[in-house]
Each structure stands twice: as structure tokens, then as C-alpha cells.
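# A closer look at the structure
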Amino acid sequence: MTAEVLVVCTANVCRSPVAAALLDRRVHASGRGDLVVRSAGTAAVTGAGVCPEAVRLLLGAEDGAPDGGDPLSSHAARPVDRAALRAADLVLVMTRDHRAAVAALDPLSRSRTFTLREAATLGEAVGVGDAADVTRLVEAMDAARGLVPLAAAPPSGSWRRLRRRRTEVDAGVDVADAHTDRVSHAAVAALLDDSVARLAAVLAGPRRVASG
């Protein structure tokens, strides 16, 4: 049975398409073909192309596109709507403001909506035995809210050439916007890569959390 993940940012031209492309790549590389990853924006202009700097950074990642191609070349921005939210089994947003916007648009989606960094931390913490059941995983993540510390150290990331920039981003639960928040695209990209890698490892399948 197919499960759908919806990744949301503001304009759907930078953070959300990059995070969606990275997540799609990683979960399929793990052998999961049952996850569909889409993206949208809370203030997207329909049909807008992806940010060129985001594409450059994505293609420069150490684990670049398997076929050497551009996974974002055909991307066209789309506004998030209630139908898209209700179709998603898991909604990943970049900031708490996006989470609030999603909840206002569709209150029923609140229990399935997490910031990307929040989802990575909660997913690792709940230790669901069979993460192939995305609905079960999301329910466990929602139940763990408020019980798991979310602040984390800056990411190690797999983009070694970008690591020196990661300290520009705080250790909270949001992913800042390189277009408006005075952080570099490189810092945002490294944070997206790290958070997606952690979440994808959870979604890849059965795992155990050490007791203690």
C-alpha cells in the first residue's frame, strides 16, 4: 500500500523541493518503493521554477543523483491545499509558522504535521518496530510530542564541503529560509540533508532503540 509524504515550505521553490528530492532519493535507495514524496508551498506561485542555487547545492552533494541528472529540472511550484494535506500520511514543514498555516487550512492534519527537524528527532526516539507502517509511525511520533527533547546539535551532514557553514543555523526545530532569514543556502542545504538522512533511516524499515 502506498503512503504519501508532503513537504511544505513557503514558496515551494527552495527548501521543500530540495528536501522532497533528498527524501525521495534516500527512501528509494533503501528499497522502499511504496512512498510517494511531494512538495507544496503555503504562498507558492503556481508553476514557479526551483531556486537555481538550491539545484546547484543539491547536485553538488556527495550522494548526488544516481543517474547524474537534475531531480528538480521539471519542478513547478504549487500551493498547498486541503486536498493535498488530507491525502498525505505525513506532512513535513520547514518551520512552526508553516505548521500553524497547515493547521489553519486543515485542522484534521495537525496530528500528522511536524517540522522536518522535529520529525527526525521524534522518529528516532519512538523506535517503531515496523516503520513500513507510516500511519503507525506518525501516530507514535504525535504521541511523543512534548516528551522528547527536540533541541539538537548542529548537523554533521554528508556534505563535507558545507559543514563549516552549518553553525549559521540555530539548534531549534525550524529550517530557516535562505531568501529572507540571513542564512546561507549552504547552511540550509546541509541542515536539510542531515535531517532528511535521519528521517529516511527511520522510514527505511524495522529498527530498535537501545534501552536506557
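Residues numbered from 1 in each chain as written. Predicted model: local features only at pLDDT ≥ 70, side-chain atom pairs only at ≥ 80, totals over all residues. Heavy atoms only, no water.

- The chain goes by Phosphotyrosine protein phosphatase I domain-containing protein in an unreviewed UniProt entry, where it is assigned to Aquipuribacter nitratireducens.

## Looking at the packing of helix α1 (residues 15-29) against helix α7 (residues 185-203)
- Direction vectors running N to C along α1 and α7 enclose 35°, while the axes themselves pass 9 Å from each other. Between α1 and α7 lies a crossing whose hand is right-handed. Contacts between α1 and α7 involve Arg15, Val18, Ala19, Leu22, Leu23, Arg26 and Val27 on the former and, on the latter, Val188, Leu192, Asp193, Val196, Ala197, Ala200 and Leu203.
- The residue inventory of the contact of α1 with α7, partitioned by class, reads 11 nonpolar, no polar and three charged. (Axes fitted to C-alpha atoms, helices over the stretch in contact; angles between N-to-C directions. Helix = DSSP H or I, 4+ residues; strand = E, 2+ residues; numbered from the N terminus. Left-handed = near helix turned anticlockwise from the far one by under 90°. Contact = heavy atoms within 4.5 Å. Nonpolar A, V, L, I, M, F, W, Y, C, P; charged D, E, K, R; others polar.)

## Description of helix α6 (residues 134-143)
- If you check which residues of α6 are buried, you get Val134, Leu137, Val138 and Met141. End-on view of α6: buried residues confined to an arc of 95°, all on one side of the axis. Facing away from the buried surface of α6 by more than 90 degrees, the exposed residues are Glu139 and Ala143.
- Contact partners of the buried residues in α6: β1 (3-9), β2 (35-41), β3 (90-93), β4 (113-115), α5 (116-126) and α7.
- Where α6 begins, the capping side chain belongs to Asp133, and its oxygen is found 3.3 Å from the backbone nitrogen of Thr135. (Buried < 20%, exposed > 50% of the residue type's maximum accessible area, 1.4 Å probe, protein only. Arc of directions from axis to C-beta. Polar contact = N/O pair within 3.5 Å; in protein donor to acceptor, adjacent residues only side chain to side chain.)

## So, the sheet that holds β4
- The four strands lie next to each other as β2-β1-β3-β4, forming an open sheet whose pairing is parallel. Every other strand in the sheet has two partners, leaving β2 and β4 as the edge strands with one partner each. Strand-to-strand twist across the sheet, computed as the mean angle between neighbouring axes with direction ignored, equals 25°.
- In terms of strand pairing, β3 meets β4 through three bridges, oriented parallel. Counterpart to Leu92 in the pairing with β4 is Phe114.
- Relative to the sheet, α1 contacts β1, β2 and β3, its axis offset from that of β2 by approximately 175°.
- Packing of α6 onto the sheet brings it into contact with β1, β2, β3 and β4, and relative to β4 it is tilted by some 65°. (Pairing = 2+ DSSP bridges.)

## Describing the pattern of salt bridges
- Tallied over the full model, the rule gives 11 salt bridges.
- For Asp34, the salt bridge is made with Arg32, and the minimal N-O distance between the two is 2.7 Å.
- For Arg32, a relative accessible area of 6% corresponds to the buried category.
- Salt-bridge contacts for Arg86 lead to Asp106; the nearest nitrogen and oxygen are separated by 3.0 Å. In this pair, Arg86 is assigned in helix α3 (residues 82-87) and Asp106 in the loop between α4 (96-105) and β4, connecting sequence segments 20 residues apart.
- A residue is classified by how much of its surface remains accessible, and Asp106, at 0% relative accessible area, is buried.
- Through salt bridges that share partners, Arg99, Glu118, Asp142 and Arg145 make up one connected network. (Salt bridge = Lys/Arg side-chain N within 4 Å of Asp/Glu carboxyl O.)

## Description of the confidence of the model for the chain
- Looking at the chain, pLDDT values average 83 and 78% of them are 70 or higher.
- Low pLDDT (under 50) marks residues 62-68, which in the prediction has 11 contacts with non-local residues, meaning those over four places away or in another chain. (pLDDT = per-residue confidence, 0-100.)

## Thoughts on the environment of Val196
- Inspection of the secondary structure assignment puts Val196 in helix α7.
- For Val196, a relative accessible area of 1% translates into the label buried.
- Separated by 173 residues in the primary sequence, Val196 and Leu23 have C-alpha atoms spaced 5.8 Å apart.
- Residues within four places of Val196 in sequence aside, it is in contact with Ala19, Leu22, Leu23, Arg26 and Leu116.

## Some points on the packing of α5 against α6
- Remark: α5 packs on α6, axes separated minimally by 9 Å, with the N-to-C direction vectors making an angle of 100°. The angle between the axes of α5 and α6 places the two elements in the roughly perpendicular class. Facing Ala119, Leu122, Gly123 and Val126 of α5, the residues of α6 in contact are Leu137, Ala140 and Met141.
- Classifying every residue of the contact of α5 with α6 gives six nonpolar, one polar and no charged. (Parallel < 35°, antiparallel > 145°, perpendicular 65-115°, else oblique.)

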